[in-house]
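# Tertiary structure, described
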Amino acid sequence: MASVRGYLLSWTTLLPLISLVLLALTWGRTLGPVPVALVAIALAGTVLAAVHHAEVVAHRVGEPYGSLVLAVAVTVIEVALIVTMMASGGDNADTLARDTVFAAVMITTNGIVGLSLFVGARRYGETRFNPEGSGAALATVGTLATLSLVLPTFTTSTPGPGFSAPQLAFAAGASLVLYATFVATQTVRHRDFFLPVDSEGETREEEHAEPPSLQKTWVSVGLLLVALVTVVGLAKVESPAIEAGVRAAGLPQSFVGVVIALLILAPETLAAVRAARRDRMQISLNLAYGSAIASIGLTIPVIALASVWLKGPLLLGLGPTHIVLLALTVVVSVLTVVPGRATRLQGGVHLVLLAGFLVLAMNP
């Protein structure tokens, strides 16, 4: 009982509740610089709290379910941010979904994977993972990204890099089917493909610390829901300031999507790096590729549904530069995943690809 009481008084419990009060005080108001800064701090802190509670639930249910819970929680926040900012309008509302999803794909497949590989290999000399599970996840990422972000550039039914209504419906349905198939494969049919491997490449079950109590887990479930609702509301309040900040910095409006993706994926990046430091590289890859799959597989269907009532076109097709970056990322990722082991070199290559994406995002 004492441990539960201490848990209820922790910052991860109090901050979502404080942020909920702040949301009620700022909703529908024009904010000055100080309130905007407070809302930004509360938003970032609530995102961290939401991921913490997702990790508590994940610890209770174990792997690979834990990585799945964390990836879905992060993606729900991402989708909520995209929809709320698109609903508020703005100069880049028609491309915000594309910019954010593509940024999430590049950050996960190059940033999280590259940093995890580099940290793990630097500590252990060589890091090992399961090529069957990682390869299946990577194939799903490549297929989803091509169907949702590349094909719209080349379709001719509608002007611009967008889908017609039937094409968008197919892309949304295909995304859901692929996501559901991947989840079933990861959690039911071939769960062993997504468990860490030892130095001999043999699958080993995870050894966890004592899992949280059932009472603490249910508290985290409730606080996770509160945090998600609060993040959606605070994002709506903060969206004009984010767009104004990007303009003031002289950056293209498409960089707003990168800002959203960096904000949302920062806690997950930390979780993946912690796993890599404990020689659990497969967990790091589960987090990275699982987030990329969830980002596309859940965002595109929701955006397709929201486009019914959102004003303006929905442009999903990537430009030539981003298509080249995506193709290069897929090729390099295949070469990284197939051997089932990697060194710092592979991590460095992925990090250079991420750096190239960020430079081109700031200076197209």
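Predicted, not measured: the structure shown is a model, and the values here were computed from it. (Residues numbered from 1 in each chain as written. Predicted model: local features only at pLDDT ≥ 70, side-chain atom pairs only at ≥ 80, totals over all residues. Heavy atoms only, no water.)

### What to know about the packing of aromatic side chains
Tallied over the full model, the rule gives two aromatic pairs. Ring geometry for F102 and F357: centres 5.5 Å apart, planes at 80°, overall edge-to-face. Here F357 lies in helix α12 (residues 344-362) and F102 lies in helix α5 (residues 96-124), a separation of 255 residues in the sequence. Each member of the pair, F102 together with F357, is buried. A centroid spacing of 5.7 Å and a plane angle of 90° characterise the contact between F182 and F194, whose relative ring orientation is edge-to-face. (Phe/Tyr/Trp six-rings, centres within 6.5 Å; stacked < 30°, edge-to-face > 60°. Helix = DSSP H or I, 4+ residues; strand = E, 2+ residues; numbered from the N terminus. Buried < 20%, exposed > 50% of the residue type's maximum accessible area, 1.4 Å probe, protein only.)

### Observations regarding the confidence of the model for the protein
Looking at the protein as a whole, the pLDDT averages 83, with 90% of positions reaching at least 70. Within the protein, the lowest mean pLDDT, 57, falls on helix α1 (residues 2-8), and the highest, 95, falls on helix α11 (residues 320-337). (pLDDT = per-residue confidence, 0-100.)

### A word on helix α2 (residues 11-26)
A rise of 1.5 Å per residue sets the reference length of α2, with its 16 residues, at 22 Å; its end C-alpha atoms lie 21 Å apart and thus fit the reference within 8%. If you check which residues of α2 are buried, you get T12, T13, P16, S19, L23 and T26. Just downstream of α2, G28 is the residue with a positive phi angle, here 75°. (Expected span 1.5 Å × (residues − 1).)

### What to know about the packing of helix α6 (residues 131-154) against helix α10 (residues 281-306)
Here α6 crosses α10 at 25°, and the two axes come no closer than 9 Å. Put simply, α6 runs roughly parallel to α10. Where α6 crosses over α10, the two elements pack in a sense that is left-handed. In this structure, α6 contributes S134, A137, L138, T140, V141, L144, A145 and S148 to the contact, and α10 contributes Q282, L285, Y289, A292, I293, I296, G297 and I300. (Axes fitted to C-alpha atoms, helices over the stretch in contact; angles between N-to-C directions. Parallel < 35°, antiparallel > 145°, perpendicular 65-115°, else oblique. Left-handed = near helix turned anticlockwise from the far one by under 90°. Contact = heavy atoms within 4.5 Å.)

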